[in-house]
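Tertiary structure, described
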Amino acid sequence: LLKMFAACVLFRVVNAVCVRTFFSADEYWQSLEVAHKLVFGYGHLTWEWTHALRGYLHPLIFAVPYKIAQLVGLDSTLVMVWSPRLVQAVIAAAGDVHVYKLAHRWFAGAKKKAKDEKSEGAPEPDAAARWALFCSLACWFNFFCAVRTFSNCTEAALTVAALAYWPWTGAASENDDAKNVNRPLALALAAVSCAIRPAAALYWLPIFIEEAVKSSSRVAFIAKEAVPIGAAVLGLSACVDRVFYGRWELVPWNFFKFNALEGGGALYGSHPWHWNLTQGYPAIATVFIPLAVMSCVGKKRWAPLTVIGWTVLGYSVPAHKEFRFLLPALAPALAAAGAQLASFSKHKRIAAVALIVLTQLPLALYLSMRHQSGIVSVWSELAKAVDRGETHSAGILSLTPCHQHPWTTHVHRPNVSMRFLTCDPPGFGTPKGELDEADKFLSDGGAFLRFNFGAGWAKPDGSLADAAAWREVLGVDQVGWDRGIPNVGDIEPGLHRKDAIKARSAALKAPSHVVMFDGAYALDGVAEWLKDWGFKKTADLHHADVPVDREIQSRVWVFSRPDTAPDHFEIAAVAEETGMTWEQAEKATMRLRDATKRRDAEETMTHEERIALHEKMNRERKEREERRAAELKRKSEEAAAAAAKAADPDAIIEARRKAEEEERLRKEEHERRKLTGEDDRPDEELTPGERMDRMIRKAAANIERAEAAAAKEAD
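Residues numbered from 1 in each chain as written. Predicted model: local features only at pLDDT ≥ 70, side-chain atom pairs only at ≥ 80, totals over all residues. Heavy atoms only, no water.

Within the protein, the secondary structure is distributed over 29 helices and 5 strands. Put simply, the protein has 715 residues, and 45% of those count as buried. Counting contacts in the protein only where the partners sit at least 6 residues apart, residues at least 24 apart contribute 73% of the total. Total accessible area computed for the protein in this model is approximately 36600 Å², and 61% of it derives from carbon and sulfur atoms. (Helix = DSSP H or I, 4+ residues; strand = E, 2+ residues; numbered from the N terminus. Buried < 20%, exposed > 50% of the residue type's maximum accessible area, 1.4 Å probe, protein only. Contact = heavy atoms within 4.5 Å. Areas by Shrake-Rupley, 256 points an atom, 1.4 Å probe, with all protein chains shown as cover.)

Moving on, we get to helix H18 (residues 374-387). The end-to-end C-alpha distance of H18 is 20 Å, a good match for the 20 Å that 14 residues give at a rise of 1.5 Å each. Turning to H18, its buried residues number three or more, namely Gly374, Ile375, Val376, Val378, Trp379, Leu382, Ala383, Ala385 and Val386. Looking at the packing, one finds that the buried side of H18 touches helix H2 (26-40), strand S1 (396-398), strand S2 (418-420), strand S3 (513-517), strand S4 (536-542) and strand S5 (555-560). Positive backbone phi, at 75°, marks glycine 389, one or two positions downstream of H18. (Expected span 1.5 Å × (residues − 1).)

One non-glycine residue with positive phi stands out, namely threonine 286, at about 45°. The residue threonine 286 is located in the loop between helix H13 (275-285) and helix H14 (288-299) in this model.

Here the focus is the nonpolar core. Residues Phe141, Trp168 and Tyr281 are the most contacted members of the largest nonpolar core, which totals 93 residues. When residues of this core are assigned to their parent elements, the largest contribution, 10 residues, is made by helix H16 (residues 330-343). (Core = buried A, V, L, I, M, F, W, Y, C linked by side-chain atoms within 4.5 Å.)

Attention now moves to the state of the cysteines. Taken as a whole, this structure holds 1 disulfide when the rule is applied. Here cysteine 402 pairs with cysteine 423 through a disulfide, and the sulfurs are 2.0 Å apart. In this structure, the disulfide formed by cysteine 402 and cysteine 423 twists by about 70° around the S-S bond and is classed as right-handed. Here cysteine 402 is found in the loop between S1 and S2, whereas its partner cysteine 423 is found in the loop between S2 and helix H19 (437-443), with 21 residues between them in sequence. Look at cysteine 402 and you get partly exposed, because its relative accessible area is 26%. (Disulfide = S-S within 2.5 Å.)

Our focus in this paragraph is the pairing of S3. For S3, the buried fraction is high: 5 of the 5 residues fall into the buried class. Residue alternation in S3 divides its side chains into two sets, His513, Val515 and Phe517 and Val514 and Met516, and both sets are buried. Summarising the sheet, S1 and S3 pair through 3 bridges and their orientation is parallel. If you follow serine 398 over to S3, its bridge partner there is valine 515. (Pairing = 2+ DSSP bridges.)

In this section: the sheet that holds S2. Read across the sheet, 5 strands follow the order S2-S1-S3-S5-S4 without closing on themselves; strand pairing throughout is mixed. Two strands bound the open sheet, and with one partner strand each, they are S2 and S4. Sheet twist, expressed as the mean angle between neighbouring strand axes with direction ignored, is 15°. Here S3 runs beside S5; their pairing, made up of 5 bridges, is antiparallel. What sits directly across from valine 515, in S5, is valine 558. Where H18 meets the sheet, its contacts fall on S1, S2, S3, S4 and S5, and the angle it forms with S3 comes to roughly 170°. (Axes fitted to C-alpha atoms, helices over the stretch in contact; angles between N-to-C directions.)

All right, on to the confidence of the model for the protein then. With 80% of its residues at a pLDDT of 70 or more, the protein has an overall mean of 82. A low-confidence stretch, residues 110-123 (pLDDT under 50), is modelled with 15 contacts involving residues beyond four sequence positions or located in other chains. (pLDDT = per-residue confidence, 0-100.)

With that settled, consider the packing of aromatic side chains. For any two aromatic rings, the description comes down to two numbers: the centre-to-centre distance and the angle of the planes. All chains considered together, the criterion is met by 34 aromatic pairs. Between tryptophan 131 and phenylalanine 134 the ring centres are 5.5 Å apart and the planes differ by 80°, which places this aromatic pair in the edge-to-face class. Placement of both tryptophan 131 and phenylalanine 134 in helix H6 (residues 125-138) is noted, with a separation of 3 residues, approximately one turn of the helix. Overall, the relative accessible area of 23% leaves tryptophan 131 in the partly exposed class. A relative accessible area of 23% places phenylalanine 134 in the partly exposed class. (Phe/Tyr/Trp six-rings, centres within 6.5 Å; stacked < 30°, edge-to-face > 60°.)

Those residues of H13 lying buried are Trp275, Asn276, Gly280, Tyr281, Ile284 and Ala285. With its buried residues spanning 135° around the axis, H13 presents them on a single face. In this structure, the buried residues of H13 make contact with helix H7 (140-145), H14, helix H15 (303-314) and H16. (Arc of directions from axis to C-beta.)

What follows deals with the side chain of histidine 542. Examined against the element boundaries, histidine 542 turns out to sit in strand S4. Among the residues examined, histidine 542 registers a relative accessible area of 18% and is labelled buried. Beyond its immediate chain neighbours, meaning those up to four positions away, histidine 542 contacts Arg370, Ser373, Gly374, Ser554 and Arg555.

Our next topic: a nonpolar patch on the surface. On the surface, Val64, Ile68, Leu71, Val72 and Leu74 cluster together into a nonpolar patch covering about 510 Å² of accessible area. With respect to the helices and strands, isoleucine 68 occurs in helix H4 (residues 57-72). (Patch = residues over 30% accessible without salt bridge, like charges linked within 9 Å, V, L, I, M, F, W, Y side chains within 5 Å. Salt bridge = Lys/Arg side-chain N within 4 Å of Asp/Glu carboxyl O.)

Turning to the packing of helix H8 (residues 151-165) against helix H10 (residues 201-214), a few remarks are in order. Their axes nearest at 12 Å, the elements H8 and H10 cross at an angle of 10°. The orientation of H8 with respect to H10, classified from their angle, is roughly parallel. Taking contact as the criterion, the partners of Thr159, Ala162 and Leu163 in H8 are, on H10, Tyr203, Trp204 and Ile207. When the residues that make up the contact of H8 with H10 are grouped by side-chain class, the tally is 5 nonpolar, 1 polar and no charged. (Parallel < 35°, antiparallel > 145°, perpendicular 65-115°, else oblique. Nonpolar A, V, L, I, M, F, W, Y, C, P; charged D, E, K, R; others polar.)

If you walk through the whole model with that rule in mind, you get 21 salt bridges. The closest approach of N and O atoms between arginine 555 and aspartate 540, which form a salt bridge, is 3.0 Å. Pair noted here: arginine 555 is in strand S5 and aspartate 540 is in strand S4, with a separation of 15 residues, a long-range link. Given a relative accessible area of 29%, arginine 555 falls into the partly exposed group. Residue class for aspartate 540 comes out partly exposed when judged on its relative accessible area of 38%.

Moving on: the packing of H4 against helix H5 (residues 77-107). Taken N-terminus to C-terminus, the directions of H4 and H5 make an angle of 135°; their axes are 9 Å apart at the nearest point. Here H4 is positioned oblique relative to H5, judged by the angle of their axes. Considering the relative orientation of H4 and H5, their crossing is right-handed. Contacts from Ile61, Phe62, Pro65, Tyr66 and Ala69 of H4 reach H5 at Val79, Met80, Ser83, Pro84, Val87, Gln88 and Ile91. Considering only residue class, the contact of H4 with H5 consists of 10 nonpolar, 2 polar and no charged. (Left-handed = near helix turned anticlockwise from the far one by under 90°.)

Right, let's get into the environment of tryptophan 204. Here tryptophan 204 is to be found in helix H10. Looking at tryptophan 204, the relative accessible area reads 6%, which means it is buried. Tryptophan 204 sits 42 residues away from alanine 162 along the chain, and the two C-alpha atoms are 10.0 Å apart. Beyond its immediate chain neighbours, meaning those up to four positions away, tryptophan 204 contacts Thr159, Ala162, Leu163, Trp166, Ala190, Ser193 and Cys194.

Here it is in structure tokens:
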């Protein structure tokens, strides 16, 4: 078994490396994120942890490699991402080995009945077990899910191990010896699975009741085994939760109360009662279901079907259902399917194996390596951006729905600000009667972004500035804080500090990187908000070949804005202390920063690199001087041309002619007003009605003069 376990570990490690897609948020937020918070002190705990609906026993499994990495100084992002997967690969491999042992318990002694062999064949106890192991390794859902850090995956491994040691009624008698049956161990494994995931009680309660009814030593089973073992595991779990919650909490009761008594499980979606039977289990077990049924019926082994039946029905009681919840019910079907493969003739077995490979391999590889891969791979791109020092201000903003992404474990930088759209249920983080952040963003993306992160840039009175007006005033093609745009009052040194603080505060609210699905970009106001802040698309990653979910997810986009402008407050301080204009202070601050960067860079340079840098600086200075000389020459030529024009006799005569024409028109207007009897009193002496009449007459006269001038010019 040790060699088999080593081979399974190797297979699952390769399996773990292949799995690069997103399945469900709990893979990160209910295990890795919690472990990261425990060890490194930063991260995010979802609302379930603030209300003690989850136990710390499962995250502690992954906190161990994190703590070791921290102690030896190897806590890199790579280690944060892959060490839990490797731990889970070992757990999944243990589950595979116990599928082998379970099939050996249930189906040992099966005889080959191949028609093309000379005899009926001798009993081969390992044949069914070997083929059951093949089924476990070949199953697409095991490949896709078993190496993920869900509590369901650890629960499934513990469950199949407990089943392998359980004293089954009707199992092959030659295998029910002390070596294969260990009821206390089975009870302990079952209790731990229930401590990790309280819903596992739906699985084990019928098995426990059956054993209590049929056992010849019923009192001893309950009083000496079940109660002490269950109490010990429950006490251990309670002590662990006491340490990390800081108070005594009975998590299984909290879980049962919230999901069963209060119906909280339906907050994340509800399904019809038959969903597990008609959709969930057939989807994950696929071709192994008919093989398992054939095996159980043909060999009169009813335990696998019984376990599958009450598991599927038990998990049909809660309103919220998911494929991964049924993972513990997969092992019995795989064990029975393996026994059926062992009993097939050679040709039938080849056909069955071909069917398994053709149906399982494409699903396993496609769903593990391509479908919904973008939201996972994008975080490696963001981690690289963090390492390059490109994040600033409010850091990274994820606009993906409801925890649909990894988090701090995939960046692992305590100094980087990160924010996502929360989706806490009403009364558990979101005020009752209000939408959570994810729904607010979906209903009006632009309004949500403007309210939470500012509208881009603003006038001194706080109202939104018009982009076209800014472009015209500043003479630039693009406007945004990354260009260091001053407010109107920043021209006056006395107003610098007030307006600069306002500008900097607004800029620091906005993130430097935004992650979203392509569908979110089409929401009202999102594209405009990104444009206002000067964001540009810097990554476009494949996510799904067929758009999924309500957000129409097929691509993952990353938008970023550069932090090229100096600190507005720093510029304002320089301007106030020196009396410079904003433009002068900004240039001075930039020169100071460039000089500081060069000095810091020179400290780590070789002699040759330092010489090359100084040569480059000399070339750049020479080019600046040449450009400055050319600009001065151009301006002097323009001034000379203007002076020559002013001294030109023809120009003087033309100017005098225009002045005489204006005087003539003024006199004509005066004569016309006298003839028409218009009032020449000053405006202050007129009543409001008379003043309005005068304004109307002036406007009409201006229009007439403009039309006359246009007609004259046309002639």
